[in-house]
Amino acid sequence: MSSNKNARYNRFSSGTTNITTSENTNGTRMETTFGPAYSAVTTITKADGTNTFKQHRRTPSSSSTLTYSPRDEDDGMPPISTPRRSDSAISVRSLHSESNMSLRSTFSLHEEEEEPEPLVFAEQPSVKLCCQLCCSVFKDPVITTCGHTFCRRCALTSEKCPVDNAKLTVVVNNIAVAEQIGELFIHCKYGCRPAASSKPAAFEVDPRGCPFTIKLSARKDHESSCDYRPVRCPNNPSCPPLLKMNLEAHLKECEHIKCPHSKYGCTFIGNQDTYETHLETCKFEGLKEFLQQTDDRFHEMQVAMAQKDQEIAFLRSMLGKLSEKIDQLEKNLELKFDVLDENQSKLSEDLMEFRRDASMLNDELSHINARLNMGILGSYDPQQIFKCKGTFVGHQGPVWCLCVYSIGDLLFSGSSDKTIKVWDTCTTYKCQKTLEGHDGIVLALCIQGNKLYSGSADCTIIVWDIQNLQKVNTIRAHDNPVCTLVSSHNMLFSGSLKAIKVWDIVGTELKLKKELTGLNHWVRALVASQNYLYSGSYQTIKIWDIRNLECVHVLQTSGGSVYSIAVTNHHIVCGTYENLIHVWDIETKEQVRTLTGHVGTVYALAVISTPDQTKVFSASYDRSLRVWSMDNMICTQTLLRHQGSVTALAVSRGRLFSGAVDSTVKVGFLRLLLDGLVSSSTGTRALNKLGAVFKQGDGSQQVGGLTPDIGCCGCWKPKGKLHKRMKRSPQSLSQQSLPWAPVSPPQVWTC
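Below: a short report on this structure. All values derive from a computational prediction rather than experimental measurement. (Residues numbered from 1 in each chain as written. Predicted model: local features only at pLDDT ≥ 70, side-chain atom pairs only at ≥ 80, totals over all residues. Heavy atoms only, no water.)

Things to note about the overall build of the protein chain
Stage number 1. The helix and strand inventory of the protein chain stands at ten helices and 46 strands.
Stage number 2. Within the protein chain, the fraction of its 751 residues that count as buried is 43%.
Stage number 3. In the protein chain, of all internal contacts separated by at least 6 residues, the share reaching a separation of at least 24 is 45%.
Stage number 4. Element-wise, carbon and sulfur atoms account for 51% of the exposed surface of the protein chain, whose accessible area totals about 40,600 Å². (Helix = DSSP H or I, 4+ residues; strand = E, 2+ residues; numbered from the N terminus. Buried < 20%, exposed > 50% of the residue type's maximum accessible area, 1.4 Å probe, protein only. Contact = heavy atoms within 4.5 Å. Areas by Shrake-Rupley, 256 points an atom, 1.4 Å probe, with all protein chains shown as cover.)

The following block contains the structure:
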């Protein structure tokens, strides 16, 4: 504070103001101390040296006159007046009339009744900062539907706007007006007093109070440390009331200082001088460390006891809940037993019916076998089945995507270990190279020409040259992980959160052509077929025309997000989060079937078609692969090949590659099995049609250039008459071209 301000307010900063009157004839001396804004204290010193303190309430008036009631003064003391300083400050109604903060009676620590918070501005506030309903400065200003600003309380308690008579509804806080009000300067509440006017919530500046003006927004910070704030003596409540700035001086003269060991039984009470002398002789002073340790230990025990009480209460509540659950379980168990009895009787009846049906089917099968042995049937539809040939091992994390480069018989696998491994699937079955460059999980792979594109959780797409297996470009593609990639018509499509980006492929560069929007969730599945792009998100499949990049159809699904899509010649197939596989007719766009069987999310779908039939393979969180016949929409085979969730599929030349969370990639081959005898012309015609099985010089059969493995996975074994004839003379069956070869164990290929 500057020196001129010190000179101006020296009577406020140096402590309380004392007015001493002359001694009476009987030797009694009276001294009046002006305290905070609401009271004064008169000290009467009698001839015998005793002091008497009397506190007086000031009567609110336009003048700063202190009046004493007759009950406060027996000697008929005249009123004492102090000069009043001129004020240019404007008294305004309290902004905080509904505030939770209450103004306490001066020097009283007990709550009596809530009074309005004093609010006296240093300068007249602008009329624009006043509410038109209460005519006071805005308190918590809000904007209503009519566009005007009012106090929140006024807007909630009033029905119509006083300007345009519109109904009042709060829309949003008016932060700009609130900040303007917070910059206004006000007088400290310890420098204000109730005004002499009849308004109960009006205040004016008190010349004996705090002289400082502060910003309204900084009011609490100042008033919490204001020197004019009334306080109590910490030694004894009977001490006269004090201002904060006088507390330190009072403590030096206070006659009610207690020994710090009074809680242990010390009865000493005195002033500062006798207090220091007492500490030297106090019998508790030597034991203070022991007493402190005892207090600490006692406090710890209290805390521990409180914790134990909480634990006991918690255990009691848990016990009550468990009792309720046990009662509920008992009731449910009784109901289930009743249902079980009913179901058991129904099952018994169904079992008898099934036995009758089985007997009829056995008769029909015997009749069909007899006709087959006699060569009456001219053709037989073989069943496609897959056998595990081996396993690629080398990744250090789950495998999330697979892609086949058929020209060089290369398989690319992306993993959580942030790498892409290149596998030879024709000759050596070894890892040719490990491609490193991503900073996140590799989630998607795609091939266009001689370029490999990889998408990752690091939100980038990397372009790789397949000829030399080198990185040639990196594109910051999305703001979120790149979940899926697909290429068509010399364009690359990338899917991420609620967006599909279309890139023109120009050499090693990707030029953003368009962003497809209107998607409701993560795009985890993209498939390009002919002139259409199929995208899957939450319970929706959108079909886009690749030629003009417009959405032409929307298929609604159930079962949560779409995780996989496959397109055949006649159907659109999708796998969902809730274990379902939905099938639509590709022409009519009508759903024809929902395939069930998986007990986990269907992560991937793949299609293998022959001129006679189409098979769809599904990979799931339940660790299984299922083979579905699209002719009759039934599951023809279930493969349990992995130790973890199966997350990716790829097909090439009658081979099925599957990647899983167990960090491996397994390889399977297409097999044709005939359960029974088939005429040589029929069998040869069926095998030649697929072009997958050919006869070797020793009479054994070979599939895709590799020795078949019939015994792997325990999926199929020859039986019946065919098994007997094979055991007797395998060479005798060579004329019939049966797809059978000596069993070879599965292999493991590592990096």
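Picking up after the structure, the text goes on.
Digging into the nonpolar core
Stage number 1. With 18 residues, the main nonpolar core has Cys131, Phe138, Phe150, Ile181 and Ile186 as its most contacted residues.
Stage number 2. Contributing elements (two or more residues each) for this core: strand E8 (149–151), helix H3 (152–157) and helix H4 (175–182).
Stage number 3. Look past the residues within four positions of Cys131 in its chain and what remains in contact with it is Ser136, Phe138, Phe150, Cys151 and Cys154.
Stage number 4. Among the nonpolar cores identified, the runner-up in size contains 16 residues, and Tyr405, Phe412, Ile466 and Leu469 belong to it. (Core = buried A, V, L, I, M, F, W, Y, C linked by side-chain atoms within 4.5 Å.)

Thoughts on a negative patch on the surface
Stage number 1. Taken together, the side chains of Glu324, Asp327, Glu330, Glu334, Asp338, Asp341 and Glu342 present a region of like negative charge at the surface.
Stage number 2. For Asp327, the location among the structural elements is in helix H8 (residues 288–373).
Stage number 3. Note on Asp327: relative accessible area 41%, which makes it partly exposed. (Patch = residues over 30% accessible without salt bridge, like charges linked within 9 Å, V, L, I, M, F, W, Y side chains within 5 Å. Salt bridge = Lys/Arg side-chain N within 4 Å of Asp/Glu carboxyl O. Lys, Arg positive; Asp, Glu negative; His and termini not counted. Charge placed at Lys NZ, Arg CZ, Asp CG, Glu CD.)

Overview of the pattern of salt bridges
Stage number 1. For the coordinates displayed, the defined rule picks out 14 salt bridges.
Stage number 2. Across the pair Glu285 and Lys288 runs a salt bridge, and its minimum N-O distance is 3.0 Å.
Stage number 3. By relative accessible area, which is 24% here, Glu285 ends up partly exposed.
Stage number 4. Glu311 is the partner of Lys308 in a salt bridge, and the nearest nitrogen-oxygen pair spans 3.9 Å.

Structural notes on unusual backbone geometry
Stage number 1. The phi torsion at Cys135 lies on the positive side, around 60°, for a residue other than glycine.
Stage number 2. If you trace the backbone, Cys135 turns up in the loop between strand E6 (120–121) and strand E7 (141–144).
Stage number 3. Here the phi dihedral of Ser663 falls at roughly 75°; this positive angle occurs in a residue that is not glycine.
Stage number 4. With respect to the secondary-structure elements, Ser663 resides in the loop between strand E42 (655–660) and strand E43 (664–673).
Stage number 5. Residue Ser663 is classed as buried on the basis of its relative accessible area of 15%.

Structural notes on the sheet that holds strand E24 (residues 451–456)
Stage number 1. Pairing is antiparallel in the open sheet, where four strands are placed in the order E23-E24-E25-E26. Each edge of the open sheet is held by one strand with a lone partner, namely strand E23 (442–448) and strand E26 (470–476). If you compare each strand with its neighbour and ignore which way they point, the axes differ by 20° on average.
Stage number 2. Alignment of E23 against E24, held across six bridges, turns out to be antiparallel. Bridge pairing links Ile447 to Leu452 in E24. (Pairing = 2+ DSSP bridges. Axes fitted to C-alpha atoms, helices over the stretch in contact; angles between N-to-C directions.)

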